[in-house]
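These are the residues of each chain, in order.
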Amino acid sequence: MGCALGYRRGAKGGTWIARFRASDGRQHYVPLGAADDARDADGLTVFDFGQAQAKARAWFHQKAREQAGDIAVLDRPYTVADALADYRADYLRRGGKAVDRLDASAAAWIGQELGSIELTKLIRSRIVAWHQKIAETPPRLRTKPGAQQRYREADGSAEAMRRRRSTANRVLTILKAALNHAHREGKCTSDDGWRAVQAFRGADAARLHYLSDAEARRLSNACQADFRALVNTALLTGCRYGELAAMTVGDFNPDSGTLWVRASKGGKPRHVVITEEGCNFLAGLAVGKPGNARLLLRNNGRAWGKSEQQRPLAAACVAARIDPPINFHGLRHTYASRLAMKGAPLAVIAAQLGHSDTRMVEKHYGHLAPSYVAETVRNAFGSLGLVEPSNVVPLAGMD
């Protein structure tokens, strides 16, 4: 098989031509685009020699795979939508757990805007404009299928901007993961179109919201009985909603005082150590139930389903006067924050939460650990003697 890149001169400028000789001796030709004789190269319709080489190599690679009998080779240009589909299949093969989030982000932000673009024509400026558009679009509201998408009212606050940029960064991560997978699989010869696209800085630096002990008790008391069991278990174990919804009676071991999390977000099971209060509470939930029964059920006997925690938690926050309201993941933050403030080593907190190392724990909870930063700074710095001692003590609640 022979490959060649040719130049065909025309009256208004030249054209790049790729030639591929198959194993049977037949030759295949394809025009790649105009040469940069009269116009500057843009990488889309006008190409310099290097760009024409890259485009030709991609076509040669495709023809070679066709010759080898690769049934996965498309008879059309490979698009962003194709890259997303291939990445999704690989994600599932590797045991990915958050495929619903991947699908939702791809459908909402990637497919319609970029899906039909060929990877060879995807340029940095197009991705940057798309990334910025997501950051400037208000959050989406639930909309009936087939109806026009609804959005929240625009909010120009700094926190709202940070959240939108954080969303844009998460979607960009999915896009780049799909495109990088396509590049590794040889579906395109270059990653120049997206490699240099940067995420927004400081968009993920949100201050975690956690409850005080008094707020946690108020929230628990404001919940209906079945939801109160779910909330209390989250506050006493730090487990995620999905982990709790799937938990069975047999996962609770009262003898060792542990809770077995079979399927976690990271794919690794773990044992969560439970306090005496937690053991007593879970024992009450487990009494009289077989080992394979769900530990936490709704009042109607059904297991907790996807997103069924959102509305009852929002209602409980209103009733308990939790302002700003907390989401279910905030209960996990409350658990970890309390451990940190009580002086638990960060490695222990990481193990309880199911993290493979302490990096995330240090980022989010390290400032709460009295022995982590605060005590070190206070003991090392000492006193400058600038402030005279005073016996004036501020009264609680006074402005």
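Just above, that's the structure.
These numbers were taken from a predicted model, which means no experiment stands behind them. Positions within a chain are numbered from 1, following the residues in the order the chain's sequence is written. With the structure being a predicted model, the display of local features is reserved for residues of pLDDT at least 70 and the display and counting of side-chain atom pairs for 80 or more, all residues being used for whole-chain, interface and lining totals. Excluding hydrogens and water, the side-chain figures rest on all heavy atoms present in the structure.

Visitor: Lay out a nonpolar patch on the surface with the relevant residues and their values.
Guide: Here, patches come from residues exposed beyond 30% relative accessible area and free of salt bridges, joined within 9 Å for like charges and within 5 Å for nonpolar side chains (Val, Leu, Ile, Met, Phe, Trp, Tyr). Throughout, the Shrake-Rupley method with a 1.4 Å probe supplies accessible areas, and for residues the shown protein chains are the sole cover considered. What counts as a salt bridge is simple: a side-chain nitrogen of Lys or Arg found within 4 Å of a carboxyl oxygen of Asp or Glu. On the surface, Val377, Phe381, Leu384, Leu386 and Val387 cluster together into a nonpolar patch covering about 610 Å² of accessible area. Relative to the assigned elements, Phe381 resides in helix α15 (residues 370-381). By the criteria applied, helices consist of DSSP H or I runs no shorter than four residues and strands consist of E runs no shorter than two, each listed in order from the N terminus.

Visitor: Break down the packing of helix α12 (residues 328-341) against helix α13 (residues 346-353) for me, citing the residues and quoting the values.
Guide: To define axes, lines are fitted to C-alpha atoms, for helices over the stretch in contact only, and angles between the resulting N-to-C directions are given on a 0 to 180 degree scale. At a minimum axis separation of 10 Å, α12 and α13 run at an interaxial angle of 155°. If you check the angle between α12 and α13, you find them roughly antiparallel. Crossing angle aside, the handedness with which α12 passes α13 is right-handed. Seen from α12, the contacting residues are Arg332, Tyr335, Ala336, Leu339 and Ala340; seen from α13, they are Ile349, Gln352 and Leu353. Note that the term roughly parallel is reserved for angles under 35 degrees, roughly antiparallel for angles over 145, roughly perpendicular for angles of 65 to 115, and oblique for everything else. In this scheme the handedness of a crossing depends on how the near helix is turned from the far one: anticlockwise by less than a right angle means left-handed, clockwise means right-handed. Note on definitions: a residue-residue contact is assigned when non-hydrogen atoms from the two residues lie within 4.5 Å.

Visitor: Please set out the sheet that holds strand β9 (residues 270-273) residue by residue, giving values where relevant.
Guide: Two strands are said to pair when DSSP picks up at least two bridges between them. Pairing within the open sheet is antiparallel, and its 3 strands lie in the order β7-β8-β9. The open sheet is flanked by β7 (252-253) and β9, the only strands paired with a single partner. The pairing of β7 with strand β8 (residues 258-261) spans 2 bridges and is classified as antiparallel. In the sheet register, Phe252 faces β8, and the bridge partner there is Leu259.

Visitor: Before we move on, could you go through the pairing of strand β1 (residues 2-8) and cite the residues and values that matter?
Guide: Inspection of the sheet shows β1 paired to strand β2 (residues 15-21) by 7 bridges, in the antiparallel sense. When the bridges of β2 are listed, Ala4 appears paired with Arg19. Hairpin connection from β1 to β2: 6 residues lie between these consecutive antiparallel strands, with Gly13 at a positive phi of about 130°.

Visitor: Tell me about the nonpolar core, and please be specific about residues and values.
Guide: Throughout this description, the term nonpolar core refers to a set of buried Ala, Val, Leu, Ile, Met, Phe, Trp, Tyr and Cys residues connected via side-chain atoms within 4.5 Å. Residue burial is assigned from relative accessible area. The probe radius is 1.4 Å, only protein chains are included, and a residue is buried under 20% of its type maximum, exposed over 50%, and partly exposed in between. Grouped together as the largest cluster of nonpolar side chains are 49 residues, with contacts concentrated most on Leu219, Leu259, Leu295, Phe328 and Leu331. With sequence-adjacent residues up to four places away left out, Leu219 is seen in contact with Leu211, Val231, Leu313, Ala316, Cys317, Ala320, Ile322, Ile326 and Leu331. Within the second largest apolar cluster, 34 residues are counted, among which are Ala83, Leu102, Ile134 and Val197.

Visitor: Got a sec to walk through the packing of aromatic side chains? Specific residues and values, please.
Guide: A pair of Phe, Tyr and Trp rings is counted when the ring centres sit within 6.5 Å of each other, with Trp represented by its six-membered ring. The angle between the planes then sorts it: under 30 degrees is stacked, over 60 is edge-to-face, the rest tilted. Enumeration over the complete set of coordinates arrives at 5 aromatic pairs. Relative to Trp16, the ring of Tyr7 has its centre 5.6 Å away and its plane inclined at 65°; by these criteria the two rings are edge-to-face. Judged by centre distance (5.7 Å) and plane angle (55°), the rings of Phe227 and Trp304 are tilted. Separated by 77 residues along the polypeptide, Phe227 in helix α8 (residues 225-237) and Trp304 in the loop between α10 (276-286) and α11 (310-319) bring together distant segments of the chain. Of the residues examined, Phe227 reaches a relative accessible area of 2% and is grouped as buried. Residue classification places Trp304 among the buried residues on the basis of a relative accessible area of 5%. A network of ring pairs unites the aromatic residues Tyr7, Trp16 and Phe49 as a single cluster. Placement of a positive charge over a ring is assigned whenever Lys NZ or Arg CZ falls within 6 Å of the ring centre and within 35 degrees of the normal to the ring plane. When the ring centre of Phe200 is taken as reference, the NZ or CZ atom of Arg165 above it lies at 4.8 Å.

Visitor: Describe unusual backbone geometry, listing the residues and the values that go with them.
Guide: With an omega dihedral of 0°, the bond running from Asp323 to Pro324 counts as a cis peptide bond. Tracing the backbone through its elements, the reader meets Pro324 in the loop between α11 and α12. One non-glycine residue, Ser307, lies in the positive phi region at around 65°. On the basis of relative accessible area, Ser307 is assigned to the partly exposed category, the value being 28%. In this structure, Arg321 takes a positive phi of about 60° despite not being glycine. As for its placement among the helices and strands, Arg321 is situated in the loop between α11 and α12. The exposed category is assigned to Arg321, whose relative accessible area is 62%.

Visitor: Quick rundown of the pattern of salt bridges? Include the residues and the values.
Guide: Scanning the entire structure with this criterion turns up 19 salt bridges. One salt bridge connects Glu308 with Arg298, and the closest N-O pair in it is separated by 3.2 Å. One end of the pair, Glu308, is in the loop between α10 and α11; the other, Arg298, is in the loop between α10 and α11, and 10 residues separate them in sequence. Residue Arg359 pairs with Asp357 through a salt bridge whose shortest N-O separation is 3.0 Å. Three or more residues are tied together by salt bridges with common partners; here these are Asp90, Arg93 and Arg94.

Visitor: I'd like to hear about α13, residue by residue, with values.
Guide: An α-helical segment advances 3.6 residues per turn. Residues three or four places apart therefore align on the same side. Listed as buried for α13 are Leu346, Ile349, Ala350, Gln352 and Leu353. Taken end-on, α13 shows its buried residues confined to a sector of 160°, consistent with a single buried face. Gly354, located one to two residues past α13, shows a positive phi value of around 90°. The directions from the helix axis to the C-beta atoms are what the arc is built from.

Visitor: Go over the side chain of Asp226, please, and point to the residues and values.
Guide: The residue Asp226 is located in helix α8 in this model. Charge assignment in this entry is limited to Lys and Arg as positive and Asp and Glu as negative, and neither His nor the chain termini are counted. Although Asp226 is buried, it forms no salt bridge, and the closest oppositely charged side chain is Arg298 at an N-O distance of 4.4 Å. In contact with Asp226, not counting residues within four places along its chain, are Leu297, Arg298, Asn299 and Trp304.

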